[in-house]
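Single-letter residue listing:
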Amino acid sequence: MTALRVPKEQTARLLAALLEQHQVVAPVEEDSQVTFGRLGSPEEAVLDYRNAQVSPKGLLFPQAETLLTYSLAGESPEVQEAPQAQDGQVVFGIRPCDARSFVLLDRVFDGNGWHDRCYLSRRRNTTVVALACPKPGVACFCASVGGGPFSTEGSDVLLTDLGQEYLIEVVTDKGAALAEAWSEYGEADEGSLRRRAELQAGAEAALAGRVEIEGIDRWLKGMWDDVFWERLHEKCLGCGVCTYLCPTCHCFDIVDEGSDREGQRLRLWDSCMFPLFTRQASGHNPRPTGKERWRQRLMHKFCYSVDSYGEVGCVGCGRCVVNCPVNLDLRHVLNEICSDRTQQGT
Amino acid sequence: MTDVSQAIRDTARSLLADGVVDIVIGFEAGTLPLRSSPCFVRDAADTDRLVWNMSCENNLARYLPWIEGKVGIVAKGCDARSIVGHLKEGRLERERVHVIGVPCQGILDRRSIEHRLGGKEILEAQERETELLVRGEGFEVALSKEEHLHASCRACRSRNPVIYDTLVGDPVAEGEGADEYVDVREFEAKPPADRWAYFLAESSRCIRCYACRNACPLCYCRICFTDVTQPQWLGRTANPADTLLFHIVRALHVAGRCVDCGACDRACPLGVDVRKLTRKMEKDVEELFHYKAGMSPDEPLPLATYSLDDPGDFIQ
Amino acid sequence: MSTDNPYLPLLARIDRISVETEHPSIKTFDLTFLRKEDEERFHYLPGQFAELSVFGKGEAPFGIASSPSQPGVLQFTVSKAGLLTSALHVMERGQILGVRGPLGSPFPQDEIQGRDLVIISGGFGFTTPRSLINHILHRDNRQRFGELTVVYGARTPGMLLYKSELSQWRQRDDLRLHLTVDTAEDGWEGRVGFVPDVVREVSPSPQNAYALVCGPPAMIRFTLPVLEELAFPPERILLSLEMKMKCGIGMCGRCNIGNKYVCRDGPTFSLAELNQLPPEH
């Protein structure tokens, strides 16, 4: 494997070079929290961070996206398709879990015979430079759900912080084009590659066995009427924290908003945890209580996703775990389903 | 000094064993440092799960309107006032609730602690008498609990539950200080442009996840005004104007009822200052009506009580 | 879809509005596409649906009530229930709507050709079955299908849809129409009884036959055991399901039953398929 290297003190130059050609989104500090924001200058980037509170899915799938605009002023409504995002962006410094989430979202927005142009135009125009995780967070479990702290899935370039320098690994052709600008410091030497391997081994060891999901889709299939669901949801507030912060949750609503003369049709984030999500105009709701909604959430991410795509729809970023207002811990739920049942031989 | 956790367990056990209640809502240990989690205990043998500490940050009264049967509930000072609120608003019958009142020293503000540690991850936290020992990778530090109390606890004047069937733990000294609303007065004194900029900045951060609303014991409407479509009261995007409207209307809806438990603020994943408007409402209600929410089941609700000979000369 | 943006509706004009029932308020809208090329490209089959837009109010899914053998007009029967349908119900001839579609899986033409068909429907669920019936009855299609038995019921005679069409069908000898109501009204001389009971009385043969059941959940729940008694196998019982939908293309995550989306994999499912899915609708 060839990898480039850049001394860390040159990071600002590296970013400045990027900024000349591209819009760059990177972790930045806003009101003492790290979030993904447009980089105005290289100094704003925060690269020694654990992860941003909100996932970067909003960069491809914004919370509010205009699908079309309409004008009702004339005799007949005039409907205009909203312009597709044309500007390229480089998403710099996201974690491998978040980069991998883009691959999972691709399947939803571009996988089933329909092509979501809004998402796809952003996706095509986005280059991902991910930052590996030598020190996974306490609530992270990417390795348990098919990812890993040094995974390159979904990224075009993978950076590793080796202390004095960054290792730069090119993953795709798109990434190669970008990394050309950083080649002046040459290739990484054996020592750096060894260090990188050590860091990866250490991170993977730290993540080993955190969550058990072996056979989860099978367990879940047999659990539809299990009493487990009765208790699971009791403390859940039914808010949207887990779904909105989750990098792979993609449920949305389509609404028209505007005056009686003009307006826009919007695609907005929505959540299967909200009570009215599946409520029909007749008042009938197939998921009337938190019990059905929690079951749906778990089934969707850990059973139906496996049916449809061969793997679970979770990247193990841990945001739902850390931010749930009532500490309803998904990791424990998954472990309870898998390990307990494995032990009981059911 | 009473071991409050043990006292809660013992109380819960006997309540369940004697059939006084069918369920006890309390707290159990969390899965991360500085967390605890609401728990629902139905079996007397299961009561060892129950704990009490300064991470018991949820207001458990938010579960009460939705639970049937006879309920035991662990209530700190503010939670107890919320329960009084539920009684006055007809959400509950007094006979079916057994309040396990817990005099409260205050709840820790996780965000303040994280900020103090510069964002370093906490691996372990231990409560001592006045200190919190926090350990992480490459650091171990003793923090003053007092310095990291949640803002609502620092302003709290009702640490001892005003209503209870069983009191566990020793009564604590009530919060003191000349002005309970010093935070509101400081903000009120700012020029309008500064205040407006602050509100816009806060609402720009809000993602309309409704954690604040759903954590609140008072927000028990089956369909919230945010979800009504006929008419559509406010836009559903996270546009700051619509978001600010959500927070304003919610503050108005809880005015005269909010006890400033702070559960809304602690529930927010993004640190939006959700209490800013509700604190103002609280202060205004106290100054205009000499009323504090939830202190007594006998006091009439100031914004929901009327008599036919109320003055109406302001109606032109 | 005529555009490659799946969210962009085509524009259509309301040419005619007929009142099907007063209480509850149900109207049928006849639409014509503004652009001829949209009409030419809008190929649908009975069982499919479209998302209708009232710009400014939103979109909602409606089964297509016309049949492909009636070119030039697209019909939707709309019951006034929520925000969008209330807005639709005050619209007038000449006003413009958006149409996104056709969406969803049609009644499986390949499977039901050459078979006898038993169409069992109730109340407002009769829209897409009516599309199928008109499609089958068309002279170009009739010989491709076997015997056609229709059991259709409503709560009261006033609530029956497509009344003039029903009268015409009664005169035909290439279908057997059994109408019923739960409660009779003055002037009703027909059957009184619940749809599942009428199905039992009619006792259609399952030999080489498909049953299509389309109606309110309660009607379906009581009809399925009757079909089981009559020995219709689950593979030959088709159901058209209703769920709250938004995108109509299997992306917004709202209408799923198990790993199937009602908008994309349905709304038509066989009972055999449904039995593999969680009981959630």
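Basis of the calculations
Residues numbered from 1 in each chain as written. Chains lettered and ligands numbered in written order. Predicted model: local features only at pLDDT ≥ 70, side-chain atom pairs only at ≥ 80, totals over all residues. Helix = DSSP H or I, 4+ residues; strand = E, 2+ residues; numbered from the N terminus. Expected span 1.5 Å × (residues − 1). Buried ≥ 20, exposed ≤ 12 C-beta atoms within 10 Å, placed from the backbone. Arc of directions from axis to C-beta. Pairing = 2+ DSSP bridges. Axes fitted to C-alpha atoms, helices over the stretch in contact; angles between N-to-C directions. Contact = placed C-beta atoms within 7 Å. Nonpolar A, V, L, I, M, F, W, Y, C, P; charged D, E, K, R; others polar. Domains from an automatic or database assignment. Parallel < 35°, antiparallel > 145°, perpendicular 65-115°, else oblique.

K.L.:
I'd like to hear about helix α1 (residues 4-17) of chain B, residue by residue, with values.
P.N.:
Residues spaced three or four apart along an α-helix point in a common direction, a consequence of the helix completing one turn every 3.6 residues. Residues and elements named next belong to chain B. If you check α1, its first and last C-alpha atoms are 20 Å apart, about what 14 residues at 1.5 Å a residue would give, namely 20 Å. When we look at burial in α1, the residues that qualify are Ile8, Arg9, Thr11, Ala12, Leu15 and Leu16. All buried residues of α1 fall inside an arc of 170° around its axis, so they share one side.

K.L.:
So what's going on with the sheet that holds strand β5 (residues 74-79) of chain C? Which residues, and what values?
P.N.:
Residue and element names in this part refer to chain C. Pairing is antiparallel in the open sheet, where six strands are placed in the order β4-β3-β6-β1-β2-β5. Of all strands in the sheet, those with a lone pairing partner are β4 (58-63) and β5, marking the two edges. For this sheet the average axis-to-axis angle between neighbouring strands, irrespective of direction, equals 40°. Pairing geometry for strand β3 (residues 49-54) and β4, over six bridges, is antiparallel. From the neighbouring strand, phenylalanine 49 faces β4, where its bridge partner is glycine 63.

K.L.:
Could you give an account of the interface of chain C and chain A, naming the residues involved and the relevant values?
P.N.:
Contact with chain C, which involves 32 residues of that partner, is made by 37 residues of chain A. In the side of chain C that touches chain A, the residues fall into 12 nonpolar, 12 polar and eight charged.

K.L.:
Residues and numbers for the domain arrangement of chain A, please.
P.N.:
Residues and elements named next belong to chain A. Under the domain assignment, chain A is made up of domain 1 (3-207) and domain 2 (216-344). Taking only C-alpha atoms into account, the centre of domain 1 sits 25 Å from that of domain 2. Domain 1 puts 35 residues into the contact, and the matching count from domain 2 is 28 residues. When residues of the side of domain 1 that touches domain 2 are traced back to their parent elements, those giving at least two are β4 (64-71) and α2 (96-110).

K.L.:
Can you lay out the sheet that holds strand β5 (residues 78-81) of chain A for me, pointing to particular residues and giving the numbers?
P.N.:
All names here are of chain A. Here we have four strands laid out as an open sheet, ordered β5-β4-β11-β10, and antiparallel in their pairing. The sheet terminates laterally at β5 and β10 (252-258), the two strands that pair on one side only. Strand-to-strand, the axes of this sheet are offset by a mean angle of 25°, without reference to chain direction. Strand direction decides the pairing type here: β10 and strand β11 (residues 262-269), joined by seven bridges, are antiparallel. By the bridge assignment, aspartate 256 is partnered in β11 with arginine 265.

K.L.:
Please provide a residue-by-residue account of the environment of A:Ala130, values included.
P.N.:
Residues and elements named next belong to chain A. On the secondary structure map, alanine 130 appears in strand β7 (residues 126-131). For the pair alanine 130 and glutamine 10, spaced 120 residues apart in sequence, the C-alpha separation works out to 18 Å. Those residues within four positions of alanine 130 in sequence are excluded, and the remaining contacts are Ile94, Arg95, Pro96, Ala99, Ser155, Leu158 and Leu159.

K.L.:
Tell me about the pairing of β5(C), and name the residues and values.
P.N.:
Looking along a regular strand, one sees side chains alternate from face to face of the sheet. All names here are of chain C. The element β5 is extensively covered by neighbouring structure, given that six of its six residues are classed as buried. Covered by surrounding structure in β5 are Leu74, Phe76 and Val78 together with Gln75, Thr77 and Ser79, the residues of both alternating faces. Note: strand β2 (residues 26-33) against β5, six bridges, orientation antiparallel. Looking across to β5, one finds that threonine 28 is bridged to threonine 77.

K.L.:
I'd love a proper account of the packing of helix α6 (residues 192-205) of chain B against helix α8 (residues 240-254) of chain B, names of residues and values included.
P.N.:
Residues and elements named next belong to chain B. One can describe the packing of α6 onto α8 by two numbers: an axis separation of 8 Å at closest approach and a directional angle of 100°. For the element pair α6 / α8, the angle class is roughly perpendicular. Residues Phe199, Leu200, Ser203 and Ser204 of α6 pack against Pro240, Thr243, Leu244 and His247 of α8. When its residues are assigned to classes, the contact of α6 with α8 shows four nonpolar, four polar and no charged.

K.L.:
Go over helix α3 (residues 117-124) of chain A, please, and point to the residues and values.
P.N.:
Buried residues of α3(A): A:Arg117, A:Cys118, A:Tyr119 and A:Arg122, and no others. On its buried face, α3(A) is in contact with β4, α2 and β7 of chain A.

K.L.:
Can you break down the domain arrangement of chain B residue by residue, with the values?
P.N.:
Residue and element names in this part refer to chain B. We note that the domain assignment places domain 1 (4-109 + 149-289) and domain 2 (110-148) within chain B. Taken over C-alpha atoms, the centre of domain 1 sits 24 Å from the centre of domain 2. Taken together, the contact pairs eight residues of domain 1 with 13 residues of domain 2. Its residues assigned to classes, the side of domain 1 that touches domain 2 shows five nonpolar, two polar and one charged.

K.L.:
Quick one: what's the story with the pairing of strand β6 (residues 89-94) of chain A, residue by residue and with numbers?
P.N.:
Residue and element names in this part refer to chain A. The element β6 is largely enclosed, with a buried count of five among its six residues. Looking at chain direction, strand β2 (residues 23-30) and β6 are connected through three bridges and run parallel. Looking at β6, one finds that glutamine 23 is bridged to glutamine 89.

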